[in-house]
Protein chains: 2
Amino acid sequence: MSVDASRLRLARAYLSRVAEPPAPALHRLISEVGPVEAADRVHRGDVPEPVARTTESRRNAFRPRDDLAAAAAIQARLLIPEDPDWPSWQFSSFIAAAAQGSEDAVPPLALWVRGDASLAGLVERAVSVVGSRSATPYGEVVATELGIGLAELGVTVVSGAAMGIDGAAHSGAIIGNGRTVAVVACGLDIPYPLDHLSLFRRIVTRGGLVISEYPPGVKPAKHRFLIRNRLIAALGGGTVVVEAGIRSGATNTAAHTRALGRPLMAVPGPVNSAMSVGCLALLRSGHAVPVGTAAQVIEASGRIGIDLSDTPEGPRKDTDGLEPHALRVHEALPERAGMSAEEVAIESGLPLSRVRGLLPALELAGLAQRGDEGWHRQRANR
Amino acid sequence: MSVDASRLRLARAYLSRVAEPPAPALHRLISEVGPVEAADRVHRGDVPEPVARTTESRRNAFRPRDDLAAAAAIQARLLIPEDPDWPSWQFSSFIAAAAQGSEDAVPPLALWVRGDASLAGLVERAVSVVGSRSATPYGEVVATELGIGLAELGVTVVSGAAMGIDGAAHSGAIIGNGRTVAVVACGLDIPYPLDHLSLFRRIVTRGGLVISEYPPGVKPAKHRFLIRNRLIAALGGGTVVVEAGIRSGATNTAAHTRALGRPLMAVPGPVNSAMSVGCLALLRSGHAVPVGTAAQVIEASGRIGIDLSDTPEGPRKDTDGLEPHALRVHEALPERAGMSAEEVAIESGLPLSRVRGLLPALELAGLAQRGDEGWHRQRANR
């Protein structure tokens, strides 16, 4: 690593610690003077008032070398916007969203990353799958199956590694031999959620990534989950909400998704399930498209779409190909015994001449038979 | 009954029998020459070719007086367009649909009716609730609850009296002390479906109606269910599909509803339930609005709407009213032990001065407490 690259990374590590994300004023300062100069100025306290307000409490409290060492100790690294595998394209949506007045629409200053894969490579074709922590068995089954299906179609599953839907989506992606990216809301050294430590290990060993904009040691907190959600929304080509109660954080990720102009999808569920109320609300508002399969997700996710999903087909019936009049004659026929052509005409309401023409056609199709007592239906042997 | 009224009813009874509905050519002839003259001409065989084709097989096979007597024997009557309780407004939609090229868009020539209520009165505020015969327990629960809810809001429930969703919707309306209209696809004397005979009795004794455009003796047949569906679609101010497999007749009623320009609604269900596949397809096509409650049905059914349904609200939390910075300070506080204001500033990333202002505010709100070891969170006593 060159001295410059090393200074850049140290500066970004410091900036990543010094302001609580999102930090629009600090982000603007970095754009203007570059990260090294910005870090120096923040450290000296020589910054405009809005930057001072968001940095004064931490500017002397931490050393970036300690943070980088703490990350290295857990096999993590710092990914910075100057790196080639920074997902620039995905984060560029924040610019448009910020122009629309979305205050939180700020890309991260840097990302702490566990795993060797290229983040930009993984999210080239990616969908975010999110939902309630207190998911139902239905929701977990659907999230797992979506994860498997997306993985099998070569699409990376992005989620928040929470209990419930998030965990099921990540697990599904791993089951489907795909890659998955977990975006967490605390330092990578914080064991949260405790029940997902083995999931985090599997994500990393199976070619995925666990990422965070929070430096080592930062604890999970409600506002951090909400701020983190913008990154989940930004890294997927679209977001699927699988299950969401009326207060679920998933509806916040949905709002970020809309603000970023990405396709929003929701999985319908039983209308009398509290965990599907949030999805029903998204569907009723017209903001989300209903999806039930990975193919439908890909169809709805524009940019990553390859081809349209198949329309489901029901089982074929013997009478499927019949034109309406033939169907009426077939319907008029008794199962057993027999009926004259005249009786069939009266029953079906069709002219006798038409009935006389259709009965032999049905016989040829194996759907009618003439017996001693007249015409009756035949069960086709197929 | 005057002689003229009696002749009119006899003519309509004859016409109702002589052609299998829908009979657009016969309908046009009646519009031109009136029902009495039209009946005479059909009987004589003195009609244009398209009318002859649809009437020749039955024109000498039946006597309308027998049909009226058979109806009277089961406490049924013949309702004709010339009667004041004919639902003219509802059926007028067929004219517009026919102009759009919908071949089946023909009103009935007459309706056989069991029950004393006025059909026009009952359907003044009505919604059609339909769905699969092989419904799941989930679908039956939702259909019953919609029936109850609509009844309680004074809305008549129209359906097809089939097993499954239809029966549950009718039953719900009765449970909710409302009125319900069953539109069947066979003669009113035909005991079909056999398991619903007591339901039919309850519908009639509780102020509802069982109606059919088919004269006594006509058997149920697949094409008749499909043709009947246009009347279900026409008599409701909108149609709700509760559950539908991919081949369900309910999707046919949905198509009629759209052709008539009426609002179409679908109840979402589990995406892995075969009985919700049809509803998901309707929702994905954008043709149907998702609904889960009677209030949402009424909101979506334009014409019959009174007011908007309530947006569901989640439970209130102690921290609900807090502005974002106060929430961040609250989140930074430990549950037990204590933290200095400086530590809270670092943890929350907010300026110390701001933290010093917010901590007492949180204390006043009963959400923070200052102890010997510093600040910690307080569980609000409410």
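For the structure itself, look to the data block above.
Residues numbered from 1 in each chain as written. Chains lettered and ligands numbered in written order. Predicted model: local features only at pLDDT ≥ 70, side-chain atom pairs only at ≥ 80, totals over all residues. Heavy atoms only, no water.

## Digging into the overall build of chain A
Part 1: The helix and strand tally for chain A stands at 18 helices and eleven strands.
Part 2: For 382 residues, the compact-globule estimate of 2.2 N^0.38 gives 21 Å, and the C-alpha radius of gyration of chain A, at 30 Å, exceeds that figure by more than 25%.
Part 3: Overall size of chain A, expressed as C-alpha extent along the three principal axes, is 105 × 40 × 40 Å.
Part 4: A burial count over chain A gives 55% of its 382 residues as buried.
Part 5: Working note: accessible area of chain A is about 16,200 Å², and carbon and sulfur atoms make up 52% of it.
Part 6: Counting 40 positive and 40 negative side-chain charges, chain A places the centres of these two groups 6 Å from one another. (Helix = DSSP H or I, 4+ residues; strand = E, 2+ residues; numbered from the N terminus. Rg over C-alpha atoms; globule rule 2.2 N^0.38 Å. Buried < 20%, exposed > 50% of the residue type's maximum accessible area, 1.4 Å probe, protein only. Areas by Shrake-Rupley, 256 points an atom, 1.4 Å probe, with all protein chains shown as cover. Lys, Arg positive; Asp, Glu negative; His and termini not counted. Charge placed at Lys NZ, Arg CZ, Asp CG, Glu CD.)

## Focus: the relation of the copies chain A and chain B
Part 1: The operation relating chain A to chain B is a screw motion whose rotation component is 180°, with 0.1 Å of axial translation and a residual RMSD of 0.2 Å. With respect to symmetry, the two chain copies, as superposed, fit the operation of a two-fold axis. If distances are taken from each C-alpha of chain A to the rotation axis, the shortest is found for G269 of chain A, at 2.3 Å.
Part 2: A shared binding surface is used by both copies, with 100% of the interface residues of chain A retained as interface residues in chain B. (Least-squares fit on C-alpha atoms with pLDDT ≥ 70 in both. Contact = heavy atoms within 4.5 Å.)

## Comments concerning the interface of chain A and chain B
When the parts come together, some accessible area is lost, and that loss is often what is quoted as the size of the interface.
Part 1: Counting residues at the interface gives 51 residues for chain A, matched by 52 residues for chain B.
Part 2: Taken together, the two surfaces of chain A and chain B that pack against each other cover about 4,300 Å², and 56% of this comes from carbon and sulfur.
Part 3: When residues of chain A are sorted by the area they lose upon contact with chain B, R247, R284 and E331 of chain A head the list and together hold 15% of the total.
Part 4: Linking chain A to chain B there are six salt bridges.
Part 5: The shortest N-O distance in the salt bridge between K222 of chain A and E331 of chain B comes to 3.5 Å.
Part 6: Inspection of the chain A/chain B interface yields 16 residue pairs in polar contact (both at pLDDT 80 or more).
Part 7: Looking at the side of chain A that touches chain B, the elements that each hand over two or more residues are α4 (49-55), α9 (137-152), α12 (222-235), α14 (277-284), β9 (289-290), α15 (294-300), α16 (324-332) and α17 (341-348) of chain A.
Part 8: Along the lines of polarity and charge, the residues of the side of chain A that touches chain B split into 24 nonpolar, eleven polar and 16 charged. (Buried area = accessible area lost by both parts, 1.4 Å probe. Salt bridge = Lys/Arg side-chain N within 4 Å of Asp/Glu carboxyl O. Polar contact = N/O pair within 3.5 Å; in protein donor to acceptor, adjacent residues only side chain to side chain. Nonpolar A, V, L, I, M, F, W, Y, C, P; charged D, E, K, R; others polar.)

## Quick look at the environment of S16 of chain A
Residue and element names in this part refer to chain A.
Part 1: Relative to the helices and strands, S16 resides in helix α1 (residues 3-18).
Part 2: Residue classification places S16 among the buried residues on the basis of a relative accessible area of 5%.
Part 3: Separated by 32 residues in sequence, S16 and P48 have C-alpha atoms that sit 18 Å apart.
Part 4: Ignoring sequence-local partners within four residues, the contact set of S16 consists of A110, W112, E213 and P215.

## Focus on the sheet that holds strand β8 (residues 264-266) of chain A
Residues and elements named next belong to chain A.
Part 1: Taken together, the nine strands give an open sheet; going across it, the order is β1-β2-β6-β5-β4-β3-β7-β8-β9, and neighbouring strands pair in mixed fashion. Here the strands that pair on one side only, and so sit at the sheet edges, are β1 (76-79) and β9.
Part 2: Here β8 runs beside β9; their pairing, made up of two bridges, is parallel. The partner of M265 across the bridge, within β9, is V289.
Part 3: Contacting β7 (239-241), β8 and β9, α14 runs over the sheet at an angle of about 130° to β8. (Pairing = 2+ DSSP bridges. Axes fitted to C-alpha atoms, helices over the stretch in contact; angles between N-to-C directions.)

## Observations regarding the environment of L235 of chain A
Residue and element names in this part refer to chain A.
Part 1: Mapped onto the secondary structure, L235 falls in helix α12.
Part 2: Looking at L235, the relative accessible area reads 0%, which means it is buried.
Part 3: The sequence separation of L235 and R125 amounts to 110 residues, and the corresponding C-alpha distance is 9.4 Å.

## Description of the sheet that holds strand β9 (residues 289-290) of chain B
Residues and elements named next belong to chain B.
Part 1: The sheet built from nine strands is open, its strands ordered β1-β2-β6-β5-β4-β3-β7-β8-β9 with mixed pairing. Across the chains shown, the open sheet's two edge strands, defined by having one partner strand only, are β1 (76-79) and β9.
Part 2: Relative to strand β8 (residues 264-266), strand β7 (residues 239-241) runs parallel, the two being bridged by three bridges. Its bridge partner lying in β8, V241 is registered against A266.

## Focus: the pattern of salt bridges
Part 1: A full pass over the atoms with the stated rule returns 34 salt bridges over all chains.
Part 2: Where D85 of chain B meets R77 of chain B, a salt bridge forms, and the shortest distance between an N and an O atom there is 3.7 Å.
Part 3: Among the residues examined, D85 of chain B registers a relative accessible area of 17% and is labelled buried.
Part 4: With a shortest N-O distance of 2.9 Å, R354 of chain B and E323 of chain B are connected by a salt bridge. Of this pair, R354 of chain B sits in helix α18 (residues 352-364) while E323 of chain B sits in the loop between α15 (294-300) and α16 (324-332), and the two are 31 residues apart along the sequence.
Part 5: Owing to a relative accessible area of 34%, R354 of chain B belongs among the partly exposed residues under this scheme.
Part 6: Residue E323 of chain B is classed as partly exposed on the basis of its relative accessible area of 32%.
Part 7: Through salt bridges with shared partners, a single network forms among E20, R58 and R224 of chain A together with E347 of chain B.

## Points about the side chain of S57 of chain B
Part 1: For S57 of chain B, the location among the structural elements is in the loop between α4 (49-55) and α5 (64-73).
Part 2: The exposure class assigned to S57 of chain B is buried, which follows from its relative accessible area of 14%.
Part 3: In this structure the side chain of S57 of chain B is engaged in a polar contact, spanning 3.2 Å, whose partner is the backbone oxygen of A345 of chain A.
Part 4: At a separation of 3.2 Å, a polar atom in the side chain of S57 of chain B contacts the main-chain carbonyl oxygen of L350 of chain A.
Part 5: When near neighbours in sequence (up to four residues on either side) are disregarded, S57 of chain B contacts A345, I346, G349, L350 and P351 of chain A.

## What to know about the packing of α9 of chain A against helix α10 (residues 165-175) of chain A
Residues and elements named next belong to chain A.
Part 1: Viewed as axis vectors pointing N to C, α9 and α10 meet at an angle of 35°, and their least axial separation amounts to 7 Å. Here α9 runs over α10; the crossing is right-handed. The segment α9 lies against α10, with G139, E140, A143, T144, G147, I148 and A151 engaging I165, A168, A169, G172, A173 and I175.
Part 2: When grouped by side-chain class, the residues that make up the contact of α9 with α10 number eight nonpolar, four polar and one charged. (Left-handed = near helix turned anticlockwise from the far one by under 90°.)

## Regarding the side chain of H256 of chain B
Part 1: On the secondary structure map, H256 of chain B appears in helix α13 (residues 249-259).
Part 2: Contacts of H256 of chain B, omitting those with residues within four sequence positions, involve D104, L226, N229, R230 and A233 of chain B.

## Topic: the pairing of strand β11 (residues 374-377) of chain A
Residue and element names in this part refer to chain A.
Part 1: Bridge count for strand β10 (residues 368-371) against β11 is four bridges, and the pairing is antiparallel. Following the sheet pairing, Q369 is matched in β11 by H376.
Part 2: The turn joining β10 and β11, which pair antiparallel and follow one another in sequence, is formed by two residues.

## Observations regarding the pairing of strand β6 (residues 209-212) of chain A
Residue and element names in this part refer to chain A.
Part 1: Alternating residues of β6 divide into L209 and I211 and V210 and S212, and every residue in both groups is buried.
Part 2: Where strand β2 (residues 111-114) meets β6, three bridges bridge the pair, whose relative direction is antiparallel. Following the sheet pairing, W112 is matched in β6 by S212.
Part 3: In this structure, strand β5 (residues 180-183) lies alongside β6, joined through three bridges in parallel fashion. Along β6, the bridge assignment pairs V181 with L209.
Part 4: Handedness of the β-α-β unit built from β5, helix α11 (residues 197-205) and β6 comes out right-handed. (Right-handed = clockwise from strand over helix to strand, strands pointing away.)

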